[in-house]
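Here is what each chain is made of, one letter per residue.
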Amino acid sequence: MGRSEVPPLPFEVAVFHLSVVLLSLVSAIWPTPSPPVSERWHAWPVVRVFPGAVPGHSPSGARVTYLLAGVAPEAPCLTAFQPAAVRPGCRVALRATYTDSTQTFVVTVGIAVLDAPGALKGHDGSGRPATVRPAAFPGGPAERFGDRQYFAGTVVGSGERYLVATAAGYSDGRAYQPGDHLAPRLRDAARQLATALHQVLTR
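Criteria and cut-off values
Residues numbered from 1 in each chain as written. Predicted model: local features only at pLDDT ≥ 70, side-chain atom pairs only at ≥ 80, totals over all residues. Heavy atoms only, no water. Helix = DSSP H or I, 4+ residues; strand = E, 2+ residues; numbered from the N terminus. Contact = heavy atoms within 4.5 Å. Pairing = 2+ DSSP bridges. Salt bridge = Lys/Arg side-chain N within 4 Å of Asp/Glu carboxyl O. Buried < 20%, exposed > 50% of the residue type's maximum accessible area, 1.4 Å probe, protein only.

**Re the environment of Thr154**
- Take Thr154: it is sitting in strand β5 (residues 150-156).
- Expressed as a C-alpha distance, the spacing of Thr154 and Thr195, which sit 41 residues apart in the sequence, is 9.3 Å.
- Setting aside its immediate chain neighbours within four residues, Thr154 contacts Thr131, Val164, Ala165, Thr166, Ala190, Arg191 and Ala194.

In structure tokens, the structure reads:
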């Protein structure tokens with residue numbers, strides 16, 4: 001036969017509950033410190049760096065939601081960015097691809113983690129900005145998104161430890177041709193996502 005359990009005395013129960021309350025109060029008064037801005041890229045969970053949904057708006061002012069299609073593994077900067085876009089001091093790159101709620105546009109967002117503030121500059125030789133390499137994900141609107149499919153891009157954050165670059169194109173897989181008309185909604189998607197995810201990391 002096992003030893004019978006001895007119920008706790010009333011004062012023991014009261015002390016236990018008091019300890020829980022005190023711990024809660026201490027956590028509220030002295031919360032866990034937030035990591036420095038420069039460390040957030042690896043201290044935060046992926047879902048905080050790349051939210052599942054990012055609000056935006058169309059050129060007409062209508063609400064738009066950009067939905068996460070997939071997150072790529074961490075990669076060297078020379079792998080994730082075009083050569084003309086990489087600068088010395090780029091430590092690592094994070095990438096994710098979003099689509100608008102109509103699944104018409106796809107946008108890859110690339111975060112360059114820098115050793116010191118800097119800028120990405122240059123063009124890819126076809127008139128498009130040198131930027132992050134598109135990241136495709138099978139089984140969805142971003143499955144045909146590659147280097148030939150991006151039409152627009154932008155870079156945000158030249159004064160920070162992060163540069164956020166975007167490459168935007170169409171989900172139907174059409175390839176860019178020099179002189180192609182750039183839809184305002186596509187340009188806006190590239191700019192809004194770069195701005196929004198830079199703010200997530202730095203504010």
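**Details of the pairing of strand β2 (residues 63-71)**
- Note that strand β1 (residues 53-57) and β2 share five bridges and pair antiparallel. Pairing of Pro55 across the sheet is with Thr65, part of β2.
- Taking the residues that link successive antiparallel strands as the turn, the β1-β2 hairpin has five residues, and the phi of Gly61 there is positive, at about 100°.
- In this structure, β2 lies alongside strand β3 (residues 90-100), joined through five bridges in antiparallel fashion. Residue pairing in the sheet places Leu68 in a bridge with Tyr98 of β3.

**Focus on the pattern of salt bridges**
- Tallied over the full model, the rule gives five salt bridges.
- In this structure, Arg91 engages Asp115 in a salt bridge whose closest nitrogen and oxygen atoms are separated by 3.2 Å. Linking Arg91 in strand β3 with Asp115 in the loop between β4 (105-114) and β5, this pair joins segments that are 24 residues apart in sequence.
- For Asp115, a relative accessible area of 47% translates into the label partly exposed.
- In this structure, Asp147 and Arg133 form a salt bridge, with 2.7 Å as the shortest nitrogen-oxygen distance. Residue Asp147 is found in the loop between β4 and β5, and its partner Arg133 is found in the loop between β4 and β5; the two are separated by 14 residues along the sequence.
- For Asp147, a relative accessible area of 33% corresponds to the partly exposed category.
- Taking relative accessible area as the criterion, Arg133 reaches 23% and is therefore assigned partly exposed.

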